[in-house]
Amino acid sequence: MEKIDKVYAQYREKVCGFKFDDAVASVFDDMIRRSVPGYATVIGMAKVFAEHYASENTNCYDLGCSLGATTLAMRQGIKKPGVKIIAVDNSHSMIEQCRKHVNSDVNEAAVDVIQADIADICIENASIVAMNYTLQFFSPDRRKELIQRIYEGLVPGGLLILSEKIKFDDRQQNNFQIDMYHEFKRLNGYSSLEVSQKRKALENVLIPDTLETHYSRLKDAGFSRSWLWFQCFNFASLAAFKD
Ligand SMILES: C[S@@+](CC[C@H](N)C(=O)[O-])C[C@H]1O[C@@H](n2cnc3c(N)ncnc32)[C@H](O)[C@@H]1O
Ligand SMILES: O=C(O)C(=O)C[C@]1(C(=O)O)C=C[C@H](O)C=C1
């Protein structure tokens, strides 16, 4: 039976910084589906992207793979021979469960599940790099270098799918998007206490950028085109291309 996320349901005297530990990993599927508007759509489209962009004898990366949802969606879409998926996460709790999900999946493409920091892995011969809701947890002053390494690791014609929580420079818009996002969470069964305690836990842990910052970082790294292909409230997904 699916486990329901109750991580922030009880009042906490002190709310510590959010961690991808056992408590979170064990309810993560429920947590992310109820916390990220459009999650199922965005992850499901990894199959569509893989079908079109995963080219023969290349690698597809899933950076910050958590339980492997993007990996399994890409794996379903891969049609070309010799494609390997490399799924990376630095959380031991996540990686253990990801391995189980991959092992019980019936699709054929090869998958390496690696416990490592995305700062330390080699990205090479990639036709797709998917980084869904992970850059936001990566140190802001190292984001430029990571995006640059992803660009260098892509083959010509390669695709980066980048999904993130975003912020808005316009204060009124920012407030509107966040207010609607919190309404979405409450409609998904989270209490006001859960919403506020999780928000506190994510302060200085999940640091969102604006869409403009993402576009200019991608351009500086060399991506010739980057387009918004999905947005719901303060969550967006970009497709960036290497010519
Ligand atoms: C919000 S989750 C990603 C969700 C996942 N991509 C999906 O679509 O279901 C963020 C993940 O990134 C991982 N993570 C955060 N920083 C990382 C880093 N520096 N290196 C590797 N993994 C990292 C976390 O452990 C967590 O599992
Ligand atoms: O719950 C929130 O406020 C979120 O921002 C959701 C979010 C994310 O975007 O990565 C944060 C942490 C994880 O629980 C999964 C999703």
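Counting of residues starts from 1 at the beginning of each chain's written sequence and follows it residue by residue. Chain letters and ligand numbers both follow the written order, the letters beginning at A and the numbers at 1. The predicted nature of this model means local features are confined to residues of pLDDT at least 70 and side-chain atom pairs, given and counted, to a pLDDT of 80 or more, with totals for whole chains, interfaces and linings taken over all residues.

1. Thoughts on the site of ligand 1
Stage number 1. In the neighbourhood of ligand 1, 21 residues make up the surrounding shell, with Phe 20, Gly 64, Asn 90, Ser 91 and Asn 132 lying closest.
Stage number 2. Sorting the residues of the shell around ligand 1 by element identifies α4 (69-77) and β2 (84-89) as the ones contributing at least two each.
Stage number 3. By the convention adopted, Pro, Cys, Tyr, Trp, Phe, Met, Ile, Leu, Val and Ala count as nonpolar, Lys, Arg, Asp and Glu as charged, and the other residues, Gly among them, as polar. Split by residue class, the shell around ligand 1 holds 12 nonpolar, 7 polar and 2 charged. Put plainly, near means the residue's C-beta atom, positioned from the backbone, lies within 6 Å of the molecule or strand in question. We count a stretch as a helix when DSSP gives it H or I for four or more residues in a row; a strand needs E for two or more, and each element gets its number in order from the N terminus.

2. Comments concerning the packing of helix α3 (residues 39-53) against α4
Stage number 1. The angle between two axes is taken between their N-to-C directions and runs from 0 to 180 degrees, where each axis is a line fitted to C-alpha atoms and a helix contributes only its stretch in contact. Relative orientation of the contacting elements α3 and α4 amounts to 35 degrees, with a least axis distance of 7 Å. Like other packed secondary-structure pairs, α3 and α4 cross with a definite hand, here right-handed. Facing α3, whose interface residues are Ile 43, Gly 44, Ala 46, Lys 47, Val 48, Ala 50 and Glu 51, α4 presents Ala 69, Thr 70, Ala 73, Met 74, Gln 76 and Gly 77.
Stage number 2. Here the residues of the contact of α3 with α4 are counted per class, giving 7 nonpolar, 4 polar and 2 charged. Handedness of a crossing follows from how the near helix is turned relative to the far one, being left-handed for an anticlockwise turn of less than a right angle and right-handed for a clockwise one. Here the contact rule is simple: place C-beta atoms from the backbone, and any two residues whose C-beta atoms are within 7 Å are in contact.

3. What about the site of ligand 2?
Stage number 1. The environment of ligand 2 is formed by Met 31, Ile 32, Ser 35, Val 36, Tyr 133, Lys 165, Lys 198, Leu 202 and Leu 206.
Stage number 2. Of all elements in the fold, only α2 (28-35) and α8 (192-202) reach the threshold of two or more residues within the shell around ligand 2.
Stage number 3. When residues of the shell around ligand 2 are assigned to their parent elements, the largest contribution, 3 residues, is made by α2.
Stage number 4. Class assignment for the residues of the shell around ligand 2 results in 6 nonpolar, 1 polar and 2 charged.

4. Here we look at the UniProt feature "domain: Methyltransferase" (unreviewed entry) in the protein chain
Stage number 1. UniProt positions are given in the numbering used here, feature names are shortened, and annotations may be inferred rather than shown by experiment. Taking the UniProt record as the reference, the feature "domain: Methyltransferase" (unreviewed entry) is found at residues 62-158.
Stage number 2. End-to-end, the C-alpha atoms of residues 62-158 are 14 Å apart, and along that stretch the chain is 33% helix and 27% strand.

5. Quick look at the pairing of strand β4 (residues 126-132)
Two faces, one strand: in a regular strand the side chains alternate between the faces of the sheet.
Stage number 1. Most of β4 is tucked away: 7 of the 7 residues are buried.
Stage number 2. The rule for pairing is simple: two strands pair if DSSP sees at least two bridges between them. Note: strand β1 (residues 59-63) against β4, 4 bridges, orientation parallel. Its bridge partner being in β4, Cys 60 is matched across the sheet by Ile 128.
Stage number 3. As a crossover connection, the stretch from β4 through helix α6 (residues 143-153) into strand β5 (residues 154-167) is right-handed. Our exposure labels follow a C-beta count within 10 Å of each residue's own C-beta, placed from the backbone: buried means 20 or more other C-beta atoms, exposed means 12 or fewer, and partly exposed covers the counts in between. Every crossover in which the path from the first strand over the helix to the second runs clockwise, viewed with the strands pointing away from the viewer, is termed right-handed.

6. Section: the UniProt feature "binding site: S-adenosyl-L-methionine" (unreviewed entry) in the protein chain
Stage number 1. Under the present numbering, the feature "binding site: S-adenosyl-L-methionine" (unreviewed entry) in UniProt falls on Tyr 39, Gly 64, Cys 65, Ser 66, Asp 89, Asn 90, Asp 117, Ile 118, Asn 132 and Arg 199. Their sequence span is 161 residues, while the largest C-alpha to C-alpha distance among them is 24.6 Å; these annotated residues do not converge on one region.
Stage number 2. Within the fold, Cys 65 resides in the loop between β1 and α4.
Stage number 3. On the basis of neighbour counts, which here come to 30 C-beta atoms within 10 Å, the residue Cys 65 falls in the buried class.
Stage number 4. In contact with Cys 65, other than residues within four places in its own chain, are Thr 70, Thr 71, Ala 87, Val 88, Asp 89 and Cys 98.
Stage number 5. Here Ile 118 lies in the loop between β3 (110-115) and β4.
Stage number 6. Judged by C-beta crowding, with 23 C-beta atoms within 10 Å, Ile 118 ranks as buried.
Stage number 7. Those residues in contact with Ile 118 that lie beyond four places of it in its chain are Leu 63, Gly 64, Val 88, Phe 138 and Leu 146.

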